[in-house]
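Chains, contacts and geometry: an overview
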Amino acid sequence: MTSVADETDRLAAVRPHERQLAWQNLEFYAFIHFGMNTMTDREWGLGHEDPALFDPTGLDTDQWMRSIRSAGMTGVILTAKHHDGFCLWPSDVTAHSVASAPWRDGAGDLVAEVADSARRHGLRFGVYLSPWDRTERTYGSGRAYDDFFVAQLTELLTRYGPVFSVWFDGANGEGPDGRVQVYDWDRYYETIRRLQPDAVISVCGPDVRWCGNEAGHTRTNEWSVVPGALRDAERIAQQSQQVDDGQFSRLVRSNDEDLGSREALAGHLDDLVWYPAEVNTSIRPGWFHHAEEDSAVRTAEELFEIWCGSTGGNATFLLNVPPDARGLVAEPDQRELARLGELVERFRTGVVPSCAYPSSIRGETGAGTLPTAFSCEFGPHRDTTWRPDPADAHPAVELTFDEPRPIGAVVVSEDIRHGQRIESLTVRAVVGGRDVVLAQAESVGYRRVMRFPAVTIRGLTVTVGSSRGTPAVATVAAVEASAADSRSSS
């Protein structure tokens, strides 16, 4: 029988790889769904569409990047090939690509344009490559198709500079003769590790996990330490989109709400992995641009709620921004992205200046200089990580303000280089002479944003109730009420 101490040690021992740390630090980045479906006004192409249809006359990738940057995003993932099989780069292994299109007189390479433009604007670059190909004749043949797919993957990973993410989904339909391809995932992963070792392999991959829906919904408690078997579950297409109906991106399914509590991990202690979550959704009902959806673009306020729940819920936020058939981000999308960026920046800069007094502090973190040995900024700031004395059963951080301030949120970050440890957290303050619980949480991870009705207080206390070994706290910060509430935007 496993002792509690042994269980705690095993849970705390699971740590992220450097590539996962670098990915999580990006926090918020864009999906760009653009291609043949944009021209045919579909979500899923049928395959064999005439390349002559691809001719975006006003295409401006710098305009895409300006729109993305305005929202505060840090990277872009381009759909280099969707299920229809049309390639946005001149592939050597198929003629079904931009090389056969009138765009740029057949000499264009949209993957190159997006990669170069992203880097000009300080954004990281990633690629989506659909394993399902409704045009390629070898699809469903086994090894021959895997050879084809690996050749395309190799082109994308050797021609366009550093790639931060290779994003796969599990869509797996029939080939033209009714055969279904069994994807050689291990071979695909080996190719990526060899050619782009710093890239995370996302969703149908071992590095980044799908949050379980495409609506922007975040679990109440998101854990990065989960059973290793979950990696295999992500390769199965049972919950992937099956119908081209424009509704899938707004559905929420939460059948597996608890993936990482001690109860959920019981019986899996010999098979634990660091497998963090990514929240993905679209700014529109569909993933590709459709003019009739111009009035259905998500508002900045709705997107801000998703941003708080995802980047503030131990996940990253992947927001799809689909350019239109001209090759431009449409005006409604531009407007809401810019407004979202204002809300995000207001939250980040709305942190109240504070002095922090940890209940106990270990020598390596700056004992004797408590107010400056700990970060009260929007974090995480790992150069100020606080690791309390292991004998402190309920370590706490007291924040004090120079005067009473209206507070609407508290931000806590763990230094996840030490794993994910905090299992319960309470925020308390004296309000009107009474000790009041403002917020509680059962997990933290990279960042936890806890919002609550505005209270005017002179300080507050954040207490760790339980943890998987000694916690490593990177940030505790209080946020002005006006910055924490999107409804107070002008």
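Note that the structure is a prediction, hence the values are computed from the model and not measured.

1. Digging into the nonpolar core
Ranked by size, the top nonpolar core spans 84 residues in total, and within it Phe54, Val76, Phe125, Phe168, Leu319 and Phe347 carry the most contacts. With seven residues, the top contributor of residues to this core is helix H6 (residues 143–159). Setting aside its immediate chain neighbours within four residues, Phe54 contacts Phe34, Gly35, Met36, Met39, Phe86, Leu88, Val98, Ala101, Pro102, Trp103 and Leu110. By size, the runner-up hydrophobic cluster in this structure holds 28 residues, among which are Ala356, Ile422, Ala441 and Val476.

2. Looking at helix H11 (residues 331–348)
In a regular helix each residue adds 1.5 Å, so 18 residues correspond to 26 Å; H11 covers 26 Å between its end C-alpha atoms and thus fits that length. Within H11, the full set of buried residues consists of Pro332, Asp333, Glu336, Leu337, Leu340, Gly341, Leu343, Val344 and Phe347. Taken down its axis, H11 places every buried residue within 165 degrees of arc, on the same side.

3. Here's the deal with the pattern of salt bridges
The final tally for this structure, using the stated rule, is 34 salt bridges. Linking Arg66 and Asp60 is a salt bridge whose minimum nitrogen-to-oxygen distance equals 3.8 Å. The class of Arg66 is partly exposed, set by a relative accessible area of 46%. Asp60 gets classed as partly exposed once you look at its relative accessible area, which sits at 28%.

4. What to know about the environment of Leu259
Assignment of secondary structure puts Leu259 in the loop between helix H8 (229–233) and helix H9 (262–265). Considering only alpha carbons, one finds Leu259 and Pro380, 121 residues apart in sequence, at a separation of 24 Å. Apart from the residues lying within four places of it in its own chain, the contact partners of Leu259 are Arg209, Arg219, Glu222, Val225, Val226, Pro227, Leu230, Ala264 and Leu265.

5. Looking at the side chain of His96
Tracing the sequence through the fold places His96 in the loop between strand S2 (75–81) and helix H5 (110–120). Of the residues examined, His96 reaches a relative accessible area of 9% and is grouped as buried. With sequence-adjacent residues up to four places away left out, His96 is seen in contact with His48, Glu49, Pro51, Asp84, Gly85, Phe86, Cys87 and Thr135.

6. Brief notes about the environment of Trp287
Structurally, Trp287 can be placed in the loop between strand S9 (277–282) and helix H10 (300–311). In this structure Trp287 comes out as buried when scored by relative accessible area, which is 6%.

7. A word on unusual backbone geometry
Residue Gly379 is joined to Pro380 through a cis peptide bond whose omega torsion reads 10 degrees. Within the secondary structure layout, Pro380 lies in the loop between strand S11 (355–358) and strand S12 (396–414). Positive phi, normally seen in glycine, also occurs at Asp41, with a value near 65 degrees. Structurally, Asp41 is set in the loop between helix H3 (36–40) and helix H4 (61–70). A positive phi is found at His48, a non-glycine position, where the angle reads about 65 degrees. Secondary-structure assignment places His48 in the loop between H3 and H4.

8. Regarding the side chain of Thr138
Note on placement: Thr138 falls in the loop between strand S3 (124–129) and H6. Under the relative-accessibility criterion, Thr138 is labelled buried at 10%. Those residues in contact with Thr138, other than ones at most four positions away along the chain, are Ala144, Tyr145, Phe148 and Gln181.

9. Thoughts on the confidence of the model for the protein
Of all residues in the protein, 92% have pLDDT values of 70 or greater, and the mean over the chain is 91. Low pLDDT (under 50) marks residues 237–255, which in the prediction has 48 contacts with non-local residues, meaning those over four places away or in another chain. Predicted confidence for residues 362–372 stays below pLDDT 50, and this span has 20 contacts to residues more than four positions away or in other chains.

10. Focus: the packing of aromatic side chains
Evaluation of the coordinates by the stated rule reveals 27 aromatic pairs. Ring plane angle 70 degrees and centroid distance 5.9 Å describe the contact between Phe34 and Phe54, whose orientation is recorded as edge-to-face. Of the two residues, Phe34 sits in the loop between strand S1 (28–32) and H3 while Phe54 sits in the loop between H3 and H4, which places them 20 residues apart along the sequence. Taking relative accessible area as the criterion, Phe54 reaches 0% and is therefore assigned buried. Taking 6.0 Å as the distance between ring centres and 45 degrees as the angle between the ring planes, the aromatic pair formed by Phe149 and Phe168 counts as tilted. Residue Phe149 is located in helix H6, and its partner Phe168 is located in strand S4 (residues 165–168); the two are separated by 19 residues in the primary sequence. The pair formed by Phe149 and Phe168 is uniform in burial state, with each residue classed as buried. Among the aromatic residues, those joined into a ring-pair cluster are Tyr139, Tyr145, Phe148, Phe149, Phe168, Tyr183, Trp185, Tyr188 and Tyr189. Geometry around Tyr275 places Arg231 over its ring, the cationic atom sitting 5.8 Å from the centre.

Procedures and definitions
- Residues numbered from 1 in each chain as written.
- Predicted model: local features only at pLDDT ≥ 70, side-chain atom pairs only at ≥ 80, totals over all residues.
- Heavy atoms only, no water.
- Core = buried A, V, L, I, M, F, W, Y, C linked by side-chain atoms within 4.5 Å.
- Buried < 20%, exposed > 50% of the residue type's maximum accessible area, 1.4 Å probe, protein only.
- Helix = DSSP H or I, 4+ residues; strand = E, 2+ residues; numbered from the N terminus.
- Contact = heavy atoms within 4.5 Å.
- Expected span 1.5 Å × (residues − 1).
- Arc of directions from axis to C-beta.
- Salt bridge = Lys/Arg side-chain N within 4 Å of Asp/Glu carboxyl O.
- pLDDT = per-residue confidence, 0-100.
- Phe/Tyr/Trp six-rings, centres within 6.5 Å; stacked < 30°, edge-to-face > 60°.
- Lys NZ or Arg CZ within 6 Å of the ring centre and 35° of its normal.

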